[in-house]
Amino acid sequence: MLESLQYIYTPQIVNGLSIGVAVILMALGLTIIFGLLDVINMSHGEFYAAGAFISVSLMAMGISFWLCLFIVPILLIPIGFAMERLLIQKVFHYKDRHILTLLLTFGLAMVLEDGYKIIWGANPIKPSAPISGASELLGVMFPNYRLFLMGFGAVLIFAVWMLIYKTQLGAIVRAAAYDKDMSSSLGIPVMRVYALTFAFGVALAGLAGVLLAPIYSVFPTMGRDFILLAFSVVIVGGLGSIKGAVIAGLLLTQLQSLSSLYISPVWSDPLVFTVMVLVLMFKPSGLYGGMKNA
Amino acid sequence: MLNPQAKAIRCIEWLLLFSSLILFVVGTVLGDTFFLRLATEALIFGGLAMSVDLLLGIVGLLSLGQALYFGFGAYLSALVLKQIAPSFSLAIGIVVLCSTLLGWVASFIALRSKGVYFALITFGLAQVAAKVVYNTRSLGASDGMMGVPILSIWTPFGLLDTANPGTFFIITLLTIGALYAVLKYFLTTPMGSLWHAIRSNEDRLAYVGFKSKGPKQVAFVLATVVAAVSGALYPMLRGFVSPELMFFSVSGNAVVTVVLGGVGTLIGPIMGSVLLTSFKSIIGTWTAHHHIVIGLIFVVIVISAPKGLAGLLTKYFGKGGSNE
């Protein structure tokens, strides 16, 4: 009993956790963008891929992985800012804004994905892990990089939470989400806040891409597969809820990784989506309400 | 008396019929099966887009998982043709029956939510189904099913068979035309008015004494049947089905088609499909990266003409009409 816990369950749980933090980083971006702008960003997965591709190119130029962790999000912020300003704000005032922004970001995703194929080619690129070796934990060996990923991701998630709920900047963002007109009459540049928040969410997705690139290969459609999981996390957690995204992210990735002990891994995706559909059926707003209701 | 908008739509309908007939004649004259098959495929995916438009444009529900029902129809039709009997009417009949049932069951799940949540739940349902089909050995798993037999179909024009691209084009045109006629008829009934009312203001419907649940369910089931019947034609054209038919890209493409052709017009989606399919094959001859071009067009259309091409045409013709 104890042995199976040690050698079978622990490795699965740790693997699930290391994917979990990356998924939560993606989901945080999605949920912040939805909570604030009411935009379902269908191109979020492509920004995750952008992070991975840019880091691969930077590393090929000789820049170290650790620098990439800072450079890539900083590079993505102006890109995200420009996209929000030039594209999304164009359809922001229509009555069908939900649907139009969803369609717009969907088109954007198509363009980006094909763009990656042109720039980087369709073949997968596999960067080498920046930390090699493995350490013993609870008598089981774990790759060091995955341990780093868990720690770094947890710190980041905590930092984002602090930023939104404990700083003045976060208060401004929440105020802009809660009441656009009132905030703007109080002197908050609401439209700029929106664009910056979108850029921030996009940068988080890019960071997740940098972090996961050494574990998975980098290829143009990588965003599409990963975004489905991130969407399920956001939906189960409740669109716009940060707490929900963290809890649902941990639950769903554990479900995925533990279920693969009993059923073929190819069935773990349908399982996750079934949970998502069940949650939507019985509690359409997810486990926790939106950021606006907080 | 027709109002200018109705006149414009009538104009577009004739244009479409005219352009598909031209394609048909050109294809037959050149003896080029490629164009005929392409035109047929455009009509089939036009049927799928029409079902997306019924939900999005008429009732105001964005479905991101309509490929589920399209793929369901395609797989069911392939199974019937291969396992039971190579009969067109049997395949279509079974697909209509089963998709009505499927749509009815799915409507209970999907219609519990509204707006963005409806979009996401349809997306989720389709993902589950696509993954299940992709992993099921007996349905051919990732390879799909091949070897769907050639059919002879009895029509008013005599016995037509699916191996002849020209005659199968006519069969497809008749089938999609029938679906269009059915939907068009529904729009003239009180049910159609309720759909429009739901789109403009669902909450207010209750104040005038109508429930929105029933009409939404009817629309959902109808859309399912339209998508499934369009899907049922696919294996007859290509001789195979693959799980790719159920993937998100197919649903997404259908939404793109609707937006390109015009939301809420029913004929727009078919026009959009003809345009998009021909466009894809033209760009496909220049570059493998046709998605980038289509994505760009899509972004531009969403921003500049949210009502799509039919919307632009209606505006143009509508203005002309009011000057008369």
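Description of the structure in this document. (Residues numbered from 1 in each chain as written. Chains lettered and ligands numbered in written order. Predicted model: local features only at pLDDT ≥ 70, side-chain atom pairs only at ≥ 80, totals over all residues. Heavy atoms only, no water.)

1. Structural notes on the interface of chain B and chain A
Reasoning step 1: Every contact between the two is made by 39 residues of chain B and, on the other side, 41 residues of chain A.
Reasoning step 2: Summing both sides of the interface, chain B and chain A together bury roughly 3,600 Å²; the carbon and sulfur share of this comes to 82%.
Reasoning step 3: At the junction of chain B with chain A, the criterion picks out zero salt bridges.
Reasoning step 4: Where chain B touches chain A, the interface holds one residue pair in polar contact (both at pLDDT 80 or more).
Reasoning step 5: Mapped by element, the contributors of at least two residues to the side of chain B that touches chain A are α5 (115-135), α7 (190-207), α9 (248-261) and α11 (290-304) of chain B.
Reasoning step 6: With 12 residues, the top contributor of residues to the side of chain B that touches chain A is α5 of chain B.
Reasoning step 7: Taken together, the residues of the side of chain B that touches chain A sort by class into 24 nonpolar, 12 polar and three charged. (Contact = heavy atoms within 4.5 Å. Buried area = accessible area lost by both parts, 1.4 Å probe. Salt bridge = Lys/Arg side-chain N within 4 Å of Asp/Glu carboxyl O. Polar contact = N/O pair within 3.5 Å; in protein donor to acceptor, adjacent residues only side chain to side chain. Helix = DSSP H or I, 4+ residues; strand = E, 2+ residues; numbered from the N terminus. Nonpolar A, V, L, I, M, F, W, Y, C, P; charged D, E, K, R; others polar.)

2. Describing helix α2 (residues 33-59) of chain B
All names here are of chain B.
Reasoning step 1: Between its terminal C-alpha atoms α2 stretches 38 Å, which fits the 39 Å expected from 27 residues at 1.5 Å a residue.
Reasoning step 2: Of all the bends in α2, the greatest measures close to 35° and is centred on Asp53.
Reasoning step 3: Burial analysis of α2 places 23 of its 27 residues in the buried class, the great majority of the element.
Reasoning step 4: Just beyond α2, the residue with positive phi is Gly60, at close to 85°. (Expected span 1.5 Å × (residues − 1). Bend = angle between axes of the 7 residues up to and from the residue. Buried < 20%, exposed > 50% of the residue type's maximum accessible area, 1.4 Å probe, protein only.)

3. Brief notes about helix α3 (residues 67-84) of chain B
Reasoning step 1: Its 18 residues place the ends of α3 of chain B 25 Å apart at the C-alpha level, agreeing with the 26 Å of an ideal helix rising 1.5 Å per residue.
Reasoning step 2: Summarising burial for α3 of chain B: 13 of the 18 residues are buried, a large majority.

4. With respect to the packing of aromatic side chains
Reasoning step 1: According to the stated counting rule, one finds 25 aromatic pairs over all chains in the structure shown.
Reasoning step 2: Centroid distance Phe231 of chain A to Phe123 of chain B: 6.0 Å. Interplanar angle 75°. Geometry classified as edge-to-face. A residue pair is termed interchain when its members come from two chains, as with Phe231 of chain A in helix α9 (residues 222-237) and Phe123 of chain B in helix α5.
Reasoning step 3: Looking at Phe231 of chain A, the relative accessible area reads 3%, which means it is buried.
Reasoning step 4: For the ring pair Tyr134 of chain B and Phe247 of chain B, a centre distance of 5.9 Å and an interplane angle of 45° mean the geometry is tilted. Within this pair, whereas Tyr134 of chain B is found in helix α5, its partner Phe247 of chain B is found in the loop between α8 (213-238) and α9, the two being separated by 113 residues in sequence.
Reasoning step 5: The exposure class of Phe247 of chain B is partly exposed, given its relative accessible area of 27%.
Reasoning step 6: The rings of Phe65, Trp66, Tyr145, Phe148 and Phe152 of chain A are connected pair by pair, giving a single aromatic cluster. (Phe/Tyr/Trp six-rings, centres within 6.5 Å; stacked < 30°, edge-to-face > 60°.)

5. Some words on the packing of helix α6 (residues 165-188) of chain B against α8 of chain B
Residues and elements named next belong to chain B.
Reasoning step 1: Closest axis-to-axis distance for the α6/α8 pair is 11 Å, and the angle between their directions is 180°. One finds that α6 runs roughly antiparallel with respect to α8. Residues Phe168, Thr172, Thr175, Ile176, Leu179, Val182, Leu183 and Phe186 of α6 form the contact with α8, whose participating residues are Val218, Leu222, Val226, Val229, Ser230, Leu233, Met236 and Leu237.
Reasoning step 2: Tallied by class, residues from the contact of α6 with α8 come to 13 nonpolar, three polar and no charged. (Axes fitted to C-alpha atoms, helices over the stretch in contact; angles between N-to-C directions. Parallel < 35°, antiparallel > 145°, perpendicular 65-115°, else oblique.)

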